[in-house]
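Residues per chain, in single letters:
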Amino acid sequence: MIIDYKLAYPSGTATAVLINGFHTPKGDKMAKKQVHGFMKYFSFSFLWAGFQWFYAGGEQCGFVQFPTFGLKAWKNTFYFDFSMTYIGAGMICSHLVNLSLLLGAVLSWGIMWPILKGLKGEWFPATLSESSMKSVNGYKVFISISLILGDGLYNFLKILYFTGSSMHTRLNRKDLTKDDISIDPNQPLDDRRRNEVFIRDKIPIWVACVGYILFSIISIVVIPLMFPQLKWYYVVVAYILAPSLSFCNAYGAGLTDMNMAYNYGKVALFVLAAVTGKNDGVVAGLVGCGLIKSIVSISSDLMHDLKTGHLTLTSPRSMIVSQAIGTAIGCVVAPLTFFLFYKAFDVGNPNGQYKAPYAIIYRNMAILGVEGFSALPQHCLQICYGFFGFAVAANLLRDLAPKKIGKYVPLPMAMAVPFLVGAYFAIDMCVGSLIVFVWHKLKHNKASLMVPAVASGLICGDGLWILPSSILALAKVRPPICMNFSPT
């Protein structure tokens, strides 16, 4: 895919260009500036997160609940919560993504949810709590799912079409014969050197086959023991189908830079939930979704990394060994991190700080696969049809309209996130976008150099404070002050 098909893998290529740029006299100077900027904003973000902690001594306390636009707007989640993580993420994401988030927030929390709350007693029983899936929360979850599925299905089919047509063209090319060699003497010297290094240290095919079979056997035995709802023969089918799905996903990512693993996972989720039945369908669907998604996703990620290695003259064997070491460390660190969060914070609470929105979305997708449309609240299906159609129409408009119009069409996938999370998330992201916009207007060259470093510093500093705050929470040490706001 990298040498013969010359697929771009844009993210991997961009990373390689950045790494190669550091190894020049000019790049060394740039790197020092970026490291200095990163450390400065990392320190600020960490200290600011620590300062905020002192004022969060209770529910709905602290700067994260600051009613920036008034108490009525705050009740509908329209406020700025001073999150450096989201501001940093907004600086990295494009303006279109951030404005799509804001549009989704206004449409849901500004218009739809207040209207639906007013229909309590007509569309759903007034006695139900808002968190019930037959109440307002049901509309929130399933409408966001319809947007995600509409956007995902469109892009999934589009990538399949481009992947299939590209592979068909290449396979039918007259000059692509067995006599083709990867080391073309007419190539530029740099390309020939990269190809030689890459081919010299390639991974033997028998290593890949033995490794895949070994881990497949372990999974077929262990996964049904951990989750009895997922039968062993479903795991066997997943591992038989996974290589072809992984190839399609990796090829599509090389053409478009889009990882469609989540969409393959959703297909597996619906199929397994429906086939397994009511008793075990939800758990089986979720486990199967995670299994397929993980296998298919890693193939795309690994190809991006190998593309980076190809362009930076890095041995593929060294990269595979590094990946194996990282995976082994992750097998220990990831569960520990999860349980640290799970014990220290109220993870999954719809009204808490860590809402885990995608956990709610995927669980309800599995319920939908098991129970069918009877799981939906009244009139929810008709609204979902409308939003599903909107997601498909928005993507069609972006692809078919002239570029000067298509570039302004909102992204349905981004619009879906605030439907569950809240408007504050979109406001934080838009603040990050505004900072980047103003910075580029005032000092364009400096902004292009420093925005990734500053954004990374803000995200890492805020993220690192979670570790001491988790330890304090586990030690039952509470913040000493509760700062909250109420009407006079």
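Residues numbered from 1 in each chain as written. Predicted model: local features only at pLDDT ≥ 70, side-chain atom pairs only at ≥ 80, totals over all residues. Heavy atoms only, no water.

Student: Any chance you could explain the pattern of salt bridges here in plain terms?
Tutor: Opposite charge on two side chains permits pairing when their charged atoms draw close. On inspection of all chains with the given rule, the structure shows one salt bridge. K158 is the partner of D399 in a salt bridge, and the nearest nitrogen-oxygen pair spans 3.3 Å. Here the residue D399 occupies a position in helix 14 (residues 380-400), and K158 occupies one in helix 6 (residues 136-171), the gap between them amounting to 241 residues. Residue classification places K158 among the partly exposed residues on the basis of a relative accessible area of 22%. (Salt bridge = Lys/Arg side-chain N within 4 Å of Asp/Glu carboxyl O. Helix = DSSP H or I, 4+ residues; strand = E, 2+ residues; numbered from the N terminus. Buried < 20%, exposed > 50% of the residue type's maximum accessible area, 1.4 Å probe, protein only.)

Student: How should the packing of helix 5 (residues 95-118) against helix 16 (residues 412-421) be read in this particular structure?
Tutor: Helix-helix packing is described using two parameters, namely the angle between the two axes and the distance between the axes. Contact geometry for helix 5 and helix 16: axes closest at 7 Å, N-to-C directions at 45 degrees. Relative to helix 16, helix 5 is oriented oblique. The handedness of the crossing between helix 5 and helix 16 is right-handed. For the pair helix 5 and helix 16, the contacting residues are V97, S100, L101, L103, G104, A105, L107, S108, W109, M112 and W113 in the first and A414, M415, V417, P418, F419 and L420 in the second. Considered class by class, the residues forming the contact of helix 5 with helix 16 number 14 nonpolar, three polar and no charged. (Axes fitted to C-alpha atoms, helices over the stretch in contact; angles between N-to-C directions. Parallel < 35°, antiparallel > 145°, perpendicular 65-115°, else oblique. Left-handed = near helix turned anticlockwise from the far one by under 90°. Contact = heavy atoms within 4.5 Å. Nonpolar A, V, L, I, M, F, W, Y, C, P; charged D, E, K, R; others polar.)

Student: Could you clarify how one ought to interpret the nonpolar core in this entry?
Tutor: Across soluble globular proteins, nonpolar side chains show a tendency to be buried alongside one another. Membership of the largest hydrophobic core comes to 61 residues, with the highest contact counts inside it found for M91, W113, Y139 and I143. Setting aside residues no more than four positions away along its own chain, W113 makes contact with S108, Y139, K140, I143 and F419. Counting residues in hydrophobic clusters, the runner-up holds 17 residues, among them F156, A238, A242 and L291. (Core = buried A, V, L, I, M, F, W, Y, C linked by side-chain atoms within 4.5 Å.)

Student: What's the story with the packing of aromatic side chains in this structure? I'm lost.
Tutor: Each aromatic ring pair is characterised by the separation of its centres together with the angle its planes make. In this structure the tally under the stated criterion is 24 aromatic pairs. Taking the centre distance of 6.0 Å and the plane angle of 55 degrees together, the rings of W48 and F82 count as tilted. Placement of W48 in helix 2 (residues 25-53) and of F82 in the loop between helix 3 (71-75) and helix 4 (84-92) is noted, with a sequence separation of 34 residues between them. Residue classification places W48 among the buried residues on the basis of a relative accessible area of 17%. Ring centres 5.7 Å apart and planes at 80 degrees place the aromatic pair F63 and F82 in the edge-to-face group. (Phe/Tyr/Trp six-rings, centres within 6.5 Å; stacked < 30°, edge-to-face > 60°.)

Student: Even after reading the chapter, I still don't get unusual backbone geometry, so can you show me in this structure?
Tutor: Despite not being glycine, F82 has its phi angle at roughly 60 degrees, a positive value. A positive phi angle is found at H379, which is not glycine, with a value near 65 degrees. In this structure, H379 sits in the loop between helix 13 (357-371) and helix 14. Residue H379 is classed as partly exposed on the basis of its relative accessible area, which comes to 34%.

Student: What should I look at first to understand helix 12 (residues 316-344) in this one?
Tutor: The α-helix winds at 3.6 residues per turn, so residues separated by three or four positions along the chain end up facing the same way. Taking 1.5 Å of rise per residue, the 29 residues of helix 12 would be expected to cover 42 Å, and the 40 Å separating its terminal C-alpha atoms lies within 8% of that figure. Of all bends in helix 12, the biggest is about 30 degrees, found at G330. Every buried residue of helix 12 is listed here: P316, M319 and A344. With a side-chain oxygen lying 3.2 Å from the backbone nitrogen of R317, the N-terminal cap of helix 12 falls on S315. (Expected span 1.5 Å × (residues − 1). Bend = angle between axes of the 7 residues up to and from the residue. Polar contact = N/O pair within 3.5 Å; in protein donor to acceptor, adjacent residues only side chain to side chain.)

Student: Help me understand the packing of helix 18 (residues 444-464) against helix 19 (residues 466-474), please; the structure alone is not making it clear to me.
Tutor: Two elements in contact, helix 18 and helix 19, have axes whose closest approach is 5 Å; the angle formed by their N-to-C orientations is 15 degrees. Comparing their axes, helix 19 and helix 18 come out roughly parallel. Contact residues: D462, G463 and L464 in helix 18; I466, L467 and P468 in helix 19. Classifying every residue of the contact of helix 18 with helix 19 gives four nonpolar, one polar and one charged.

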